[in-house]
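Reading the structure
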Amino acid sequence: CNLQPKDAAKMPESAWKLLFYTLSWSYGIYLLFFTDYPFFYDPPSVFYDWKQGMEVPTDIAIAYLLQCSFYGHSIYATAYMDTWRKDSVVMLLHHVVTLTLISFSYAFRCQEQGLGVQGGQEVVLGEAVLGLTPLPLNPDPSLCPGRFWFRLYWFPLKVLYATCHSSLQSVPNIPFYFFFNALLLVLTLMNIYWFLYIVLFVAKVLMGQMQEVNDVREYDVEDTKKT
């Protein structure tokens, strides 16, 4: 295929993300819908009979291992390997916050929080068109409703409600309550931030301001030369 040099340079990064998101998303679907875990249909259930030091099932521990490894790598890759974009600082913060949440939710046996964070961040196959369309983790504007539904509707409804409200009802003295929920709210704000990028892209297309598909997060060539 006839790729522009800048698109060819992004191909390895996007192909890797496509592979990982496909596998992790499929495994997340398996855990949520094809096992006996009630986390999706009854999110507060993770706090029923909760106690420190409780055993984490092996299949969930595997999901934690995969996600922690990926986000640990992503921090390094975003800083030193990937194309630097306007939202790269926010992306770095996102990876740090997500890795912290997943690690601490494992340490304190809040599996629903961990699976919710993992699922909420990978709900639509990220970079599914190999980086040739814009926006992080869910680039195609046609998937804009999906991004809104999963990240800005289900994520608050399933995860934030359980951690902010239901957790206190089941475990009044649950440790690190404000720590977990503050980081989850930060993730929500980032989701809103990236959703606005999608809205901006769609608006430019509808108003005829964009003749070809470009990543609105990338710096203009002219701006790069000036700097």
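Our subject is the structure that appears above.
A few points on the structure. (Residues numbered from 1 in each chain as written. Predicted model: local features only at pLDDT ≥ 70, side-chain atom pairs only at ≥ 80, totals over all residues. Heavy atoms only, no water.)

Examining the packing of aromatic side chains
The test is simple: Under the pairing criterion, centres of Phe, Tyr and Trp rings, with the six-membered ring standing for Trp, must be within 6.5 Å; the plane angle then separates stacked pairs below 30 degrees from edge-to-face pairs above 60, leaving the rest tilted. Accessible area is worked out with a 1.4 Å probe on protein chains only. A residue is then buried under 20% of its type maximum, exposed over 50%, and partly exposed in between. Under the DSSP-based scheme used, a helix requires at least four consecutive residues in state H or I and a strand at least two consecutive residues in state E, with every element numbered from the N terminus.
Under the defined criterion, the tally for this structure stands at 17 aromatic pairs. Relative to Tyr71, the ring of Phe70 has its centre 5.2 Å away and its plane inclined at 80°; by these criteria the two rings are edge-to-face. Using a relative accessible area of 3% as the deciding quantity, one classes Phe70 as buried. Relative to Phe179, the ring of Phe104 has its centre 5.0 Å away and its plane inclined at 55°; by these criteria the two rings are tilted. With Phe104 in helix H3 (residues 88–107) and Phe179 in helix H6 (residues 177–206), this pair connects stretches of sequence that are 75 residues apart. On the basis of relative accessibility, which here comes to 30%, the residue Phe179 falls in the partly exposed class. Put simply, the rings of Trp16, Phe20, Phe70 and Tyr71 pair up and form one aromatic cluster.

Some points on unusual backbone geometry
Positive phi, close to 60°, is recorded for Phe176, a residue that is not glycine. Along the polypeptide, Phe176 turns up in the loop between helix H5 (144–170) and H6. Residue class for Phe176 comes out partly exposed when judged on its relative accessible area of 39%.

Section: the environment of Ser45
Operational definition: Between two residues, a contact is recorded if the distance between any of their heavy atoms is within 4.5 Å. Definition of a polar contact: a pair of N or O atoms within 3.5 Å, with one able to donate and the other able to accept a hydrogen when the atoms are protein atoms, and with sequence-neighbouring residues admitted only if both atoms are side-chain atoms.
Inspection of the secondary structure assignment puts Ser45 in the loop between helix H1 (5–33) and helix H2 (58–80). As for Ser45 and Ser170, which are separated by 125 residues in sequence, their C-alpha atoms are 9.1 Å apart. Discounting residues that sit within four places of it in the chain, Ser45 has contacts with Pro38 and Phe39. Among the polar contacts listed, one links the side chain of Ser45 to the backbone oxygen of Asp42, at a separation of 2.6 Å.

Here we look at a nonpolar patch on the surface
Definition in use: For patches, a residue must show more than 30% relative accessible area and have no salt bridge; joins then use 9 Å for like charges and 5 Å for nonpolar side chains, namely Val, Leu, Ile, Met, Phe, Trp and Tyr. In short, Shrake-Rupley with a 1.4 Å probe defines the accessible areas, and a residue's cover is counted only from the protein chains shown. By definition here, a salt bridge exists when the distance from a side-chain nitrogen of Lys or Arg to a carboxyl oxygen of Asp or Glu is within 4 Å.
A cluster of nonpolar side chains, contributed by Tyr30, Phe33, Phe34 and Tyr41, occupies part of the molecular surface with about 490 Å² of accessible area. Take Tyr30: it is sitting in helix H1.

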